[in-house]
Amino acid sequence: MSKVNFSNYDTTGYYDEMFSASNNIRPSYERFKLRLEKMSKKKLRNLQHATDRAQLSLGMTFNVYSDNQGVERILHLDIIPRIISGEDWEGLAKGLEQRIEALNLFINDIYNEQKVLKDNIIPKELVLSSAGYLKECRGLNPPRNVWSHISGTDLIRGDDGKFYVLEDNLRCPSGVSYMLENREILKRTFPELFEKLHVRPVNDYTHHLRDMLESLTPVSPASIAVLTPGIYNSAYFEHAYLAQQMGAELVEGRDLLVRDNYVYMITTNGLQRVDVIYRRVDDDFIDPLVFNKDSLLGTPGLFEAYRKGNVVLVNAPGAGVADDKAIYAYIPRLIKYYLDEEVLLPNIKTYLCAEEEDCKYVLENLHTLVVKQTDGSGGYGMLIGPKSTKEECKEFAGRIKKNPRNYIAQPMINLSRVPTLTEDTIEGRHVDLRPYCLYGKDIKIVPGALTRVALTKGSLVVNSSQGGGSKDTWVLDSKSN
Amino acid sequence: MLSRVANSMYWMNRYIERAENYARFMDVNFNLSLESPPDTQEQWKPLVVITGDWPLYQSLYNTVDKNKIIYFLGFDPKNPNSIYSSISMARENARAIRPEITREVWEQINSMYFYVRASLGKKLWKSKDPRMFFKKIKEDCQLLYGIFDATISRSDGWHFGKIGQMIERADKTSRVMDVKYHILLSTPQDVGGSLDLMQWAALLKSVSAYDMYRKKYGRLTALKISEFLILDKRFPRSILCCLIQAEQSLKEITGNTAGFSNEAEKKLGKLKSELEFIDINEIVEIGLHEYLDGYQKQLNAVSTSLYNSFFVAQVQLQVQQ
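How each quantity is defined
Residues numbered from 1 in each chain as written. Chains lettered and ligands numbered in written order. Predicted model: local features only at pLDDT ≥ 70, side-chain atom pairs only at ≥ 80, totals over all residues. Helix = DSSP H or I, 4+ residues; strand = E, 2+ residues; numbered from the N terminus. Rg over C-alpha atoms; globule rule 2.2 N^0.38 Å. Contact = placed C-beta atoms within 7 Å. Buried ≥ 20, exposed ≤ 12 C-beta atoms within 10 Å, placed from the backbone. Pairing = 2+ DSSP bridges. Domains from an automatic or database assignment. Nonpolar A, V, L, I, M, F, W, Y, C, P; charged D, E, K, R; others polar. Axes fitted to C-alpha atoms, helices over the stretch in contact; angles between N-to-C directions. pLDDT = per-residue confidence, 0-100. Parallel < 35°, antiparallel > 145°, perpendicular 65-115°, else oblique. Left-handed = near helix turned anticlockwise from the far one by under 90°.

Enquirer: Residues and numbers for the overall build of chain A, please.
Expert: Counting secondary structure elements, chain A contains 14 helices and 23 strands. In summary, chain A has a C-alpha radius of gyration of 23 Å against a globular reference of 23 Å for 481 residues, a match within 12%. Once the C-alpha set of chain A is aligned to its principal axes, its extents read approximately 70 × 60 × 45 Å. For chain A, long-range pairs separated by at least 24 residues make up 69% of all intrachain contacts whose partners lie at least 6 apart in sequence.

See below:
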């Protein structure tokens, strides 16, 4: 029986989470490596298969194309964990708290006094032209003035070993159920390691989520619902999972009804009031009377009930103004402006095509840059210059010239790698990191995250819709490494 | 509970009960076919007739043969009531109400779905002996009943599920009787006359009633078998017993103790009372087929009134205090 070994593992060219450049094991992975080296390759592979089966059995599946029952897939979970030292985590958590606090102050300012625009910290046109800016939200003050209660910031670790913010997700970030269920599965895969390593637990996330939602309404006991687009939505598993774990109702738009500006669920004994809605339906679709008229996912009158303060919507509509990729570039300045602090988690250098000089640079250097749509997500609508053909670059240049406001560009960053099980061996694959912040009375970040991994060799795109998988993320106790 | 959720709970349980009944019908029929003379392909057709999908079968297939019928009832995605379709639909409903059921219930339904899907892929209906498929479906469904009862609180959801299960069961027991009656006897007067013992024994086995019947009556007679399957108060698959259980669950939901508080309660209560206060000789006088036909119409009306009383949005607009 041949044992697992890392003697041929290649770390050249990238920051590796497990090994240093001189091929020494990093302290956070020491015990893990010892354990794996005692295991036969066959056993490791069997553990991976058991994981695939566990995911199917739990129903952790997503529909690739809407309405098509046949195409149901699992998000591949690679069993080799991504381990983060306690020290690294402390730094990350502080930086995230700072960022989320500042971004919420920014959103509240934009929809109210707009001091930040008057003080010329950020161009007015840039903010007001953002697809996430909703004029209907002007003058609103959600409870505690928090707009983005649940956020999932995408971070990466660069060649220098430092963490950078790649993008902010302030609307309906998904994936937290994978953070929680991946952990449940890995606890069965490597039970003894959890004990020895002092991996910090994440399973109280849904308790904190419920507490946060309850903290937004004076009604007690609060009636809480999770609003889902339905079973064909790619994140339906998560919606159902969170509702179940919190003991909240899982509702679709057609289960709700608005009467006299109050929101009710249609039940077998009549109409029942709803106080807080964790909605997983995009802003555009929540209310056909105010936004997209053709939406069948929302409930007519919901927005008016929200404006009147009779129901809390989480996250608040309009929060997306702050995760526009063009506004991202200004966040370090916004942190300084609102908190009078230096940014703890740096941004990646960003060129705004909306600005003439930047745009010129971008068009001249397309082949070295990554270009993204400012309101895009899911890895769609982007160009990875160094990996694209001349024709693709040319086509993209045309799109940028047509609508420069819609694009930003960043230098190509080499995402760090983590050893990953491939068909016949273990190789480094690129990863990002998405921790989740809850913001109600205060900011709460559970010590864990979703690590997304680009399964295709050399690929830098980690999105599940584009061949990405996931890993369990272990945050270690500060004392134990 | 949400009207949509109640509806899904009801249907999830109906579909599972349907799948189990189909599996049992086919298992028994397959056994029977092994001992029958070679020219009795005909005995597969009644199976399709029971289900009410004979017209659909005829529109899809030109010939009647054992393999086609096993495919049609067990695996055919084009048949909305096949075991494959029933379990897929049960899973769709379970997915839609995932937070209302336990992880154990979900995992069981989900694993059944993967099993029927794999069986469809493996073309199990072509195998020499598809009984392992029927057996597995029966066992899986029965395991699910156990998990459902052992892990779900007796709140409205459980009761809506129970009603769905009991109505489906009452429907299937009556259909299996009615169709056997068609084959065995040509006129109502013949009930109690000469009969093919093997066929009647098979009928009892089709609804898992053979052992309990033998214990109670010993001898197989058409009259006693009919009485047992329609009017027995203690056998869990008899029509009356199913209606009693459905009514109990409905009363738990409405909290009503006497009379009725909505259309569903009224229709179900009346139907149950009718069976409670009739004896088998009166049924024979009316004619078994005629009686069952009338009963089935009333059972369908119960199902419709459940929908109108609980599952549709428009009637639920009273604000709860």
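Enquirer: Can you explain the overall build of chain B? Please cite residues and give values.
Expert: Within chain B one finds 15 helices and zero strands. Counting over 321 residues, chain B shows a buried share of 47%.

Enquirer: So what about the pairing of strand E7 (residues 224-227) of chain A? Which residues, and what values?
Expert: Residue and element names in this part refer to chain A. The alternating pattern of E7 places Ile224 and Val226 on one face and Ala225 and Leu227 on the opposite face, and all of these are buried. Note: E7 against strand E12 (residues 276-279), four bridges, orientation parallel. What sits directly across from Val226, in E12, is Tyr278. Where E7 meets strand E8 (residues 249-251), three bridges bridge the pair, whose relative direction is parallel. When the bridges of E8 are listed, Val226 appears paired with Leu250.

Enquirer: Would you mind going over the domain arrangement of chain B in detail, with residue names and values included?
Expert: Residue and element names in this part refer to chain B. Domain assignment breaks chain B into domain 1 (1-152) and domain 2 (158-316). Counting residues at the interface gives 21 residues for domain 1 and 23 residues for domain 2. Mapped by element, the contributors of at least two residues to the side of domain 1 that touches domain 2 are helix H1 (3-34) and helix H2 (45-51). The greatest single-element share of the side of domain 1 that touches domain 2, amounting to 16 residues, is contributed by H1. Residue composition of the side of domain 1 that touches domain 2, grouped by class: 13 nonpolar, four polar and four charged.

Enquirer: Outline the interface of chain B and chain A, listing residues and values.
Expert: Contacts between the two partners involve 23 residues from chain B, matched on the other side by 20 residues from chain A. At the level of secondary structure, the elements contributing two or more residues to the side of chain B that touches chain A comprise H1, helix H5 (83-96) and helix H6 (103-121) of chain B. With five residues, the top contributor of residues to the side of chain B that touches chain A is H6 of chain B.

Enquirer: Outline the sheet that holds strand E13 (residues 312-314) of chain A, supporting the account with residue identities and numerical values.
Expert: Residue and element names in this part refer to chain A. The four strands lie next to each other as E8-E7-E12-E13, forming an open sheet whose pairing is parallel. For this open sheet the edge positions go to E8 and E13, each flanked by a neighbour on one side alone. Neighbour-to-neighbour, the strand axes of the sheet open up by a mean angle of 25 degrees, direction not taken into account.

Enquirer: I'd like to hear about unusual backbone geometry, residue by residue, with values.
Expert: Residue and element names in this part refer to chain A. A cis geometry characterises the amide bond from Ser220 onward to Pro221, with omega recorded as -5 degrees. In this structure, Pro221 sits in the loop between helix H8 (205-214) and E7. Of note, the amide linkage connecting Val314 to Asn315 takes the cis form, showing an omega dihedral of -10 degrees. One can find Asn315 in the loop between E13 and helix H11 (325-328). One non-glycine residue, Asn23, lies in the positive phi region at around 65 degrees. Position of Asn23 among the secondary structure elements: in the segment before helix H1 (30-37).

Enquirer: Let's hear about the sheet that holds strand E16 (residues 382-384) of chain A: which residues, and what values?
Expert: Residues and elements named next belong to chain A. Read across the open sheet, the four strands follow the order E14-E17-E15-E16; overall the sheet is antiparallel. In the strand order of this sheet, the two ends are held by strand E14 (351-352) and E16, each with one partner. As paired elements, strand E15 (residues 369-373) and strand E17 (residues 407-411) share five bridges and run antiparallel to each other. The residue bridging Lys372 from the neighbouring strand is Ile408, located in E17.

Enquirer: Please provide a residue-by-residue account of the environment of Lys136 of chain B, values included.
Expert: Structurally, Lys136 of chain B is set in helix H7 (residues 131-151). Placed 139 residues apart in sequence, Lys136 of chain B and Leu275 of chain B show a C-alpha to C-alpha distance of 34 Å.

Enquirer: So what's going on with the confidence of the model for chain B? Residues and values would help.
Expert: Residue and element names in this part refer to chain B. For chain B, mean pLDDT is 89; residues scoring 70 or higher make up 89% of the total. Mean pLDDT across the secondary structure elements of chain B bottoms out at helix H9 (residues 197-206), with 83, and peaks at helix H12 (residues 239-254), with 97. Across residues 186-195, where pLDDT falls below 50, the model places 14 contacts with residues more than four positions away in sequence or in other chains. Here the complex is predicted with pTM 0.89, and the ipTM for its interfaces comes to 0.82.

Enquirer: Which residues make up the packing of H1 of chain B against helix H4 (residues 66-74) of chain B, and what values do they have?
Expert: Residue and element names in this part refer to chain B. The contact between H1 and H4 brings their axes to 10 Å, and the two run at 165 degrees. It follows that H1 is roughly antiparallel to H4 by the angle criterion. Of the two possible hands of crossing, H1 and H4 adopt the one that is left-handed. Counting all contacts with H1, which are made through Tyr22, Met26 and Ser33, the residues of H4 involved are Lys66, Ile70, Leu73 and Gly74. Residues of the contact of H1 with H4, tallied by class, amount to four nonpolar, two polar and one charged.

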